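# Topology and contacts: notes
Now for the letters of each chain:
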Amino acid sequence: MFKIEVVAIGRLYKEFLKSGEGEYLRRISPYYDLKIVELPEEKEKGTHEGDILRTITTEGQSILKYLEKQKLPVFALAIEGTAVSSESFAKLLSDSALTVPGCIFVIGGSNGLSETVKQRANRLISFSDLTFPHQLMRVILLEQIYRAATINNGITYHK
């Protein structure tokens, strides 16, 4: 079974997000071996540009440390990434499954991803020009993974 890891900064605290995540993990389980890896969210020391950069850098170091042991392709979610449709996202997963045993998706913290994480990624993917809270993005990503599974398996969920 194709393995997917979602590496995410921070934990889900809101019940509606936990519920959504649980629902999509349940739906995905027949199609993919999916694991969520939560890395610590850095507490911001202030709102100045330097404080935000330090937060992104620290979170980025945590992501890179995790990724250095991994051999799977890395797809980082970033607003400046290549926009994908649901169909092209499904094709990305099906094409990946032909060549590698799995892939890793990375979701940064509330301030985004460090440049070093973006450079480490095999591909930057954007789901929208809109900005989403990083915790909500986890649920959106899981929904799209489920949607991709239904597209790739000819199930009528996707319209």
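Anyway, here's the lowdown on the structure attached to this text.

What counts, and where the lines are drawn
Residues numbered from 1 in each chain as written. Predicted model: local features only at pLDDT ≥ 70, side-chain atom pairs only at ≥ 80, totals over all residues. Heavy atoms only, no water. Helix = DSSP H or I, 4+ residues; strand = E, 2+ residues; numbered from the N terminus. Rg over C-alpha atoms; globule rule 2.2 N^0.38 Å. Buried < 20%, exposed > 50% of the residue type's maximum accessible area, 1.4 Å probe, protein only. Contact = heavy atoms within 4.5 Å. Areas by Shrake-Rupley, 256 points an atom, 1.4 Å probe, with all protein chains shown as cover. Lys, Arg positive; Asp, Glu negative; His and termini not counted. Charge placed at Lys NZ, Arg CZ, Asp CG, Glu CD. Pairing = 2+ DSSP bridges. Axes fitted to C-alpha atoms, helices over the stretch in contact; angles between N-to-C directions. Polar contact = N/O pair within 3.5 Å; in protein donor to acceptor, adjacent residues only side chain to side chain. Salt bridge = Lys/Arg side-chain N within 4 Å of Asp/Glu carboxyl O.

From N to C terminus, the protein includes five helices and five strands. On C-alpha atoms alone, the protein measures out to a radius of gyration of 15 Å, which is about the 15 Å that the 2.2 N^0.38 rule sets for 159 residues. Structurally, the protein occupies a C-alpha span of about 50 × 35 × 25 Å along its principal axes. Looking at the protein as a whole, 45% of its 159 residues are labelled buried. A fraction of 84% describes how many contacts in the protein between residues 6 or more apart in sequence connect residues 24 or more apart. Carbon together with sulfur atoms contributes 54% to the accessible area of the protein, which is approximately 8600 Å² in total. Both charge centroids of the protein, one from 20 positive and one from 19 negative side chains, sit 5 Å from each other.

Adjacent strands of a sheet form backbone hydrogen bonds with each other and so pair up, either parallel or antiparallel. Ordered in space as β2-β1-β4-β3-β5, the five strands form an open sheet in which the pairing is parallel. Of all strands in the sheet, those bounded by a partner on one side alone are β2 (33-39) and β5 (123-126). With direction set aside, neighbouring strand axes in the sheet form an average angle of 35°. Across three bridges, the pairing between strand β3 (residues 74-83) and strand β4 (residues 102-107) is parallel. By the bridge assignment for β4, F75 is matched with F105. Across the face of the sheet, helix α2 (residues 49-67) comes into contact with β1 (3-9), β2, β3 and β4 while running at roughly 140° to β2.

For the rest of this paragraph, the subject is the pairing of β4. Within β4, six of the six residues are buried, which leaves the element mostly enclosed by the surrounding structure. Summarising the sheet, β1 and β4 pair through six bridges and their orientation is parallel. In the sheet register, V7 faces β4, and the bridge partner there is V106.

Its place among the elements puts Q144 in helix α5 (residues 134-152). For Q144, a relative accessible area of 15% gives the class buried. There is a polar contact of 2.8 Å between the side chain of Q144 and the side chain of S86. What Q144 contacts, discounting residues up to four positions off in sequence, is S86, F89 and F127.

With that out of the way, let us pick up the pattern of salt bridges. Applying the stated rule across the entire model yields 10 salt bridges. Across the pair E23 and R26 runs a salt bridge, and its minimum N-O distance is 2.5 Å. Residue E23 and its partner R26 are located together in helix α1 (residues 15-28), separated by three residues, close to a single helical turn. One salt bridge connects E38 with R138, and the closest N-O pair in it is separated by 2.9 Å. On the criterion of sequence distance, the pair formed by E38 in strand β2 and R138 in helix α5 is long-range, its members being 100 residues apart. Note on E38: relative accessible area 38%, which makes it partly exposed.

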